[in-house]
Amino acid sequence: MNAQTRIEPVEAVASAEPAIRFEGVAKTYPARGAGGAVSALCGIDLDVPRGSVLGVIGRSGAGKSTLIRLVNGLEIPSSGRVVVDGIDVSSLGGARLRQVRRSIGMIFQHFNLLSSRTAYGNVALPLEIAGVAKPEIRARVEPLLDLVGLSDKRDRYPAELSGGQKQRVGIARALATRPKVLLSDEATSALDPETTRSILDLLASINRELGLTILLITHEMSVIRAVADHVAVIEAGRIVEHGDVFDVFTRPKHETTRSFLGQESGRALPAIVRDRLRPEVQPGGSAVLRIVFRGPHATDPVLSQISRELGIDLNILSGSVDEVAGRPFGTLVVGVPSDPATLSRVQVFLAQRGLDTEILGHVS
Amino acid sequence: MSLDFLSPVILGLVLDATLDTLWMVALSAAIATLIGLPLGVFLATSGRGELFAAPAANRALGFVVNATRSTPFIILVVAIIPFTRLLVGTSIGTKAAIVPLTIAAAPFVARLVEGAIREVDAGLVEAARAMGASPLQIVLKVLVPEALPAIVLSLTLAIVSLLGFSAMVGAVGGGGLGDLGIRYGYQRFMPDVMALVVVVLIVLVQLVQSTGDRLSRRLNKRLRHA
Ligand SMILES: Nc1ncnc2c1ncn2[C@@H]1O[C@H](COP(=O)(O)OP(=O)(O)O)[C@@H](O)[C@H]1O
Ligand SMILES: [Mg+2]
């Protein structure tokens, strides 16, 4: 094997210590001019396990960028610690901080490529900054351009590249110093869905093949679903829900999480049902029940069982079977006769089989 | 109108004066750039919370720059005569003119460079910081290269202004085209010499401007080139 053109996987460190750890982190931006102080983050405790992809989702202004910028010391916490690879980043400054930053790659929503440099020149920049010698830079940049599929765009300026190609250059640049951690601040938010998909696939393969830990922030559940192992939902500077992607997708606890899941597969109601949905019981009508099938139950024929064993016929309103984090899960929205006795028999039956149900409302 | 100015003597005078002007402008532009460029970078990066945060120095320098720029050039020329004499040993002639020209142009260049640097997308500075770049590396590898097309336009503007100022130092015995225009055109009533001087200045300005524009466009990779 040609040692020069190989991209080394990050060596596994034999410790259970997370790649990134937030310990009781708060960040308050001081008052400036007429505006008062802004509390951007509050009581953040969060671990990003080594080699994993953690997605942080939240609305605009929730504190996502502040959170990610704490990791490479672009912001300093007002209290608490941010520990990256065993090093308390928040206590560093000057040359030591700059050195640590070289082991943390970062990609941005608007790519932030130098317009005056070619694709090659942009990827070479962090190496020049680190004082790497010219031949060595060459030996590292070429395989990186290869990795992101841009060898043929080597001498193109950013103005001559598409958004997706620019982000590929951004990714190659972030990997140039062989970081252990990659930070992604809304890296796909400026891209169309198809390009987003290809960039996320690239990130997922980098995570797999180089063992890189990725912390990414987004406002789209589809991004979380495509690459993340774990998800944290952030709202007004606090983490309101955190867990395994499959669990959060199939058993969202917080209202904010539910609303982010709103348009995700299986959760969107057909218009004809949505428009007729009422919060109060409709006499003689049906309750609309969502049943979530997780993992091994995803394909259970429960509807026919209910019909056979309880003698209750359910009216299927919508349904889908899908996969999240590599595990199947299904969603079925059914109409159940509204009278309380029938409804509760159905719910008990489903609960006994480990299925989650949620009453969405009632239709006449 | 006579055709006297076509005589070899007059043409020789104009040629000499043109060379004097070019020499004066080139030298003062070069020195003003050497001074103005770093000052401009400093002005753009030393505000509160910026790369080389030094708000007091920033304000002080800003004041000096503003004061110099608001002094009418002709007053500046006279006011710094002792300084000029100290520096070049004389206060008249082409060599002496370079001193006030440089002093007038340097703050002008500084302000224009400051503007050009401030136009650089803050995201690029952020990216460079995230890479572990030092403030100096950010200036040399990001800010100046990214601002270069705008800096070239700024310097073009400064050179054009210097051409105008250099004609003015003629009034105080500075030499060059302005001097020729005043002495022959005005004091000896030779309007055709005056006209020729003006034509030469117009041609020079056009040349400088179009060269600057072309160079800036060539450096600007934000535009798609065919
Ligand atoms: N440099 C700053 N100075 C003052 N307030 C800031 C600054 N950066 C962010 N904020 C404020 O902090 C909050 C969180 O911002 P941010 O982390 O950018 O959110 P997000 O990335 O989720 O949109 C917002 O209210 C924002 O206005
Ligand atoms: Mg943001």
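None of the values given here were measured: they were computed from a predicted structure.

### Quick word on the pairing of strand β9 (residues 230-235) of chain A
Residues and elements named next belong to chain A. With 5 bridges joining them, strand β3 (residues 53-58) and β9 adopt parallel strand pairing. When the bridges of β9 are listed, Gly55 appears paired with Val231. Pairing between β9 and strand β10 (residues 238-244): 6 bridges, direction antiparallel. From the neighbouring strand, Val231 faces β10, where its bridge partner is Gly243.

### So, the packing of helix α5 (residues 163-175) of chain A against helix α6 (residues 193-210) of chain A
All names here are of chain A. Close contact between α5 and α6 brings their axes to 10 Å; oriented N to C, the two are set at 20°. Considering the angle they form, α5 stands roughly parallel to α6. The way α5 lies across α6 gives a crossing that is right-handed. Residues Gly164, Gln167, Arg168, Ile171 and Leu175 of α5 pack against Thr195, Ser198, Ile199, Leu202, Leu203, Ile206 and Leu210 of α6. Residue composition of the contact of α5 with α6, grouped by class: 7 nonpolar, 4 polar and 1 charged.

### Things to note about the site of ligand 1
All names here are of chain A. Ligand 1 sits among Tyr29, Val38, Ala40, Arg59, Ser60, Gly61, Ala62, Gly63, Lys64, Ser65 and Thr66. Between ligand 1 and Gly63, the relevant distance is 3.0 Å, taken from an oxygen atom to a main-chain nitrogen or oxygen of the residue. Take Lys64: an N or O atom from its main chain is 2.8 Å from an oxygen atom of ligand 1. Out of a free accessible area of 560 Å², ligand 1 has 62% covered by protein chains. For the shell around ligand 1, the elements supplying multiple residues, two or more each, are β2 (38-48) and α1 (64-71). The greatest single-element share of the shell around ligand 1, amounting to 3 residues, is contributed by α1. Taken together, the residues of the shell around ligand 1 sort by class into 4 nonpolar, 5 polar and 2 charged.

### What about the environment of Leu37 of chain B?
Residue and element names in this part refer to chain B. As for its placement among the helices and strands, Leu37 is situated in helix α1 (residues 8-45). Accessibility expressed as a relative area gives 27% for Leu37, which makes it partly exposed. Not counting residues within four places of it along the chain, the set of residues in contact with Leu37 comprises Ala32, Val109, Val113 and Ile151.

### So, the domain arrangement of chain A
Residues and elements named next belong to chain A. Domain boundaries assigned for chain A yield domain 1 (20-254) and domain 2 (265-363). Here the C-alpha centre of domain 2 lies 39 Å away from the C-alpha centre of domain 1. Applying the counting criterion to the domain 1 and domain 2 interface returns 4 salt bridges. In this structure, Arg294 engages Asp247 in a salt bridge whose closest nitrogen and oxygen atoms are separated by 3.2 Å. Joining domain 1 to domain 2, the criterion identifies 5 residue pairs in polar contact (both at pLDDT 80 or more). Ranked by residue count, the leading element in the side of domain 1 that touches domain 2 is helix α8 (residues 245-250), at 5 residues. Considered class by class, the residues forming the side of domain 1 that touches domain 2 number 4 nonpolar, 1 polar and 4 charged.

Definitions and limits used
- Residues numbered from 1 in each chain as written.
- Chains lettered and ligands numbered in written order.
- Predicted model: local features only at pLDDT ≥ 70, side-chain atom pairs only at ≥ 80, totals over all residues.
- Heavy atoms only, no water.
- Pairing = 2+ DSSP bridges.
- Helix = DSSP H or I, 4+ residues; strand = E, 2+ residues; numbered from the N terminus.
- Axes fitted to C-alpha atoms, helices over the stretch in contact; angles between N-to-C directions.
- Parallel < 35°, antiparallel > 145°, perpendicular 65-115°, else oblique.
- Left-handed = near helix turned anticlockwise from the far one by under 90°.
- Contact = heavy atoms within 4.5 Å.
- Nonpolar A, V, L, I, M, F, W, Y, C, P; charged D, E, K, R; others polar.
- Near = heavy atom within 4 Å.
- Polar contact = N/O pair within 3.5 Å; in protein donor to acceptor, adjacent residues only side chain to side chain.
- Areas by Shrake-Rupley, 256 points an atom, 1.4 Å probe, with all protein chains shown as cover.
- Buried < 20%, exposed > 50% of the residue type's maximum accessible area, 1.4 Å probe, protein only.
- Domains from an automatic or database assignment.
- Salt bridge = Lys/Arg side-chain N within 4 Å of Asp/Glu carboxyl O.

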